[in-house]
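# Structure assessment
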Amino acid sequence: MVKYEILIVVNSVFIFLARFVSGVVFSYYDYLDCFYWCFATSIFYLGFIISVFIGRGFQKSFNQKNYFFNNYKKLLNKKRSFRAYLFKKITRVDFIKIRHFAWYLFQMEIIATTAYISYKVGWGWGFDLYILLVASFFYLNLRKYSPAIYLFPLAYFIIYLTIYFLSTKSNYQDGQVIIYIINVIFTISSIFYSQVIMELGRVIRYVNDENRKSHLKRLTSFDTLTDTYHKYSFLEIMNAKLDHNSNEDVITQASTIIIEISNLRKINEEFTTELGNEVLKEFAYILRKHSENYEKYIARWSGNEFLVFIANEDEVVVRNYIEEIKQDAMRNRFGVKGAKVQVVFGLSHTVSFDYQINKFINEAYEELANNREKLNYEKGEL
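Okay, so let's go over this structure. Just so you know, these numbers come straight off a predicted model, no measurement behind them.

### Regarding a nonpolar patch on the surface
Together, Phe39, Ile43, Leu46, Ile50 and Ile54 make up a nonpolar patch on the protein surface, roughly 440 Å² of accessible area in all. Mapping Leu46 onto the fold places it in helix H2 (residues 32-63). For Leu46, a relative accessible area of 32% gives the class partly exposed.

Laid out in structure tokens, this is it:
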């Protein structure tokens, strides 16, 4: 998918050029206050553009499998110095947060410049057009999170009218027509290329989604008894999903649950394996039933174990889900008197995705082992 920082950088380039050229014209006609302002804002945009390219390149270099960079990384990670501190900060930059911060600065600069120029030389120089440019982004946005997003263009329209009524109206001042034409050209260009970038992003996202669906469909292999994923197909799907999330920021938090039917072997020995299979089928149904409203993946992990991966739910919600499963399983006798199921759970919850699914699973197994020991202690088996 076309990344949001591309859209911000492209518009920053257009506004940098507009501010720089307008500053030159202001300087030529001796509007020194406006010249200084345009020069300062053009430097701001230029600095942002350069920092994005340098930061991306620097981060990419240190993430590559490069002997020199990897050894330098290990060396600095062991030191406590300003250079090591600065290195860690740079290599762990979250560009998702940066693009949001840049977007806020982008809007603030446009409003400030429109207000300042209108105050100094009056209305009618074309700087107000950039407020309309920013407002249009909320309609062109790839992700319209909620209807409330349309309140932002309304706010910009109110700001636009406020500046209009508070500023003096100027006509045919020296250089005014030239600067107005400059701003019109760069505003239209910015809107046009933003639309092109966003449409291209939609096309690429659609193609990627279709390819991903077909790829996941090929990977999908279900356990026929429980109608849940097999272990290895589940791992491939999860790793692909987490790799995709590192670029798209789709998953904000996740939980991995390991569930063990601790007395399944005893049920097989006392009531036959056919009943044991019915227990597995019914238990898989219980897992699905209580997770209908969650974004989840359920896998048959081993003979008596299931794994559930739940995305974008708080840990408290997930633990409530575990408790519901536990209570439902304990009440269910699976049609045979005395066939009581004992389940043990292990949970791993995270808001960080610096590692693969195997790390989450290992953490869940650690809690599972602790809970198993507690259960054995309560039963007097320890």
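Continuing now.
### Quick notes on the pattern of salt bridges
As a working rule, side chains carrying opposite charge can pair if their charged atoms are close by. A full pass over the atoms with the stated rule returns eight salt bridges. The shortest N-O distance in the salt bridge between Lys120 and Asp33 comes to 3.3 Å. With Lys120 in helix H5 (residues 95-121) and Asp33 in helix H2, the pair connects residues that are 87 residues apart, well separated along the chain. Of the residues examined, Lys120 reaches a relative accessible area of 37% and is grouped as partly exposed. The class for Asp33 is partly exposed, based on a relative accessible area of 39%. Three or more residues joined by partner-sharing salt bridges are found here, namely Glu315, Arg319 and Glu367.

### Some details on the environment of Ser221
Looking at the element boundaries, Ser221 is found in the loop between helix H8 (176-219) and strand E1 (222-223). Accessibility expressed as a relative area gives 32% for Ser221, which makes it partly exposed. Along the backbone, Ser221 and Ser233 are twelve residues apart, and their C-alpha atoms lie at a distance of 6.1 Å.

### Some thoughts on the packing of helix H10 (residues 264-271) against helix H11 (residues 273-289)
Helix-helix packing is characterised by the crossing angle of the two axes and by the distance between the axes. Between H10 and H11, whose axes approach to 7 Å, the crossing angle comes to 140°. For the element pair H10 / H11, the angle class is oblique. Between H10 and H11, the residues in contact are Leu264, Ile267, Asn268 and Phe271 and Thr273, Leu275, Gly276, Val279 and Leu280, respectively. Tallied by class, the residues present in the contact of H10 with H11 amount to six nonpolar, three polar and no charged.

### Considerations on the nonpolar core
Core analysis: the biggest nonpolar cluster contains 35 residues, and Phe26, Ile110 and Trp125 have the highest contact counts within it. Elements with a minimum of two residues in this core: helix H1 (4-28), H2, H5, helix H6 (129-140), helix H7 (151-166) and H8. At eight residues, the largest contribution of residues to this core is made by H1. Apart from the residues within four sequence positions on either side, Trp125 is in contact with Phe26, Tyr31, Ile117, Ser170, Gln173, Asp174, Gly175, Gln176, Ile179, Tyr180 and Asn183. Residues Leu287, Ile322, Ala329 and Val343 belong to the second largest nonpolar core, which totals 26 residues.

About the criteria used
Residues numbered from 1 in each chain as written. Predicted model: local features only at pLDDT ≥ 70, side-chain atom pairs only at ≥ 80, totals over all residues. Heavy atoms only, no water. Patch = residues over 30% accessible without salt bridge, like charges linked within 9 Å, V, L, I, M, F, W, Y side chains within 5 Å. Areas by Shrake-Rupley, 256 points an atom, 1.4 Å probe, with all protein chains shown as cover. Salt bridge = Lys/Arg side-chain N within 4 Å of Asp/Glu carboxyl O. Helix = DSSP H or I, 4+ residues; strand = E, 2+ residues; numbered from the N terminus. Buried < 20%, exposed > 50% of the residue type's maximum accessible area, 1.4 Å probe, protein only. Axes fitted to C-alpha atoms, helices over the stretch in contact; angles between N-to-C directions. Parallel < 35°, antiparallel > 145°, perpendicular 65-115°, else oblique. Contact = heavy atoms within 4.5 Å. Nonpolar A, V, L, I, M, F, W, Y, C, P; charged D, E, K, R; others polar. Core = buried A, V, L, I, M, F, W, Y, C linked by side-chain atoms within 4.5 Å.

Without other data, these values stay purely geometric and don't point to any function.
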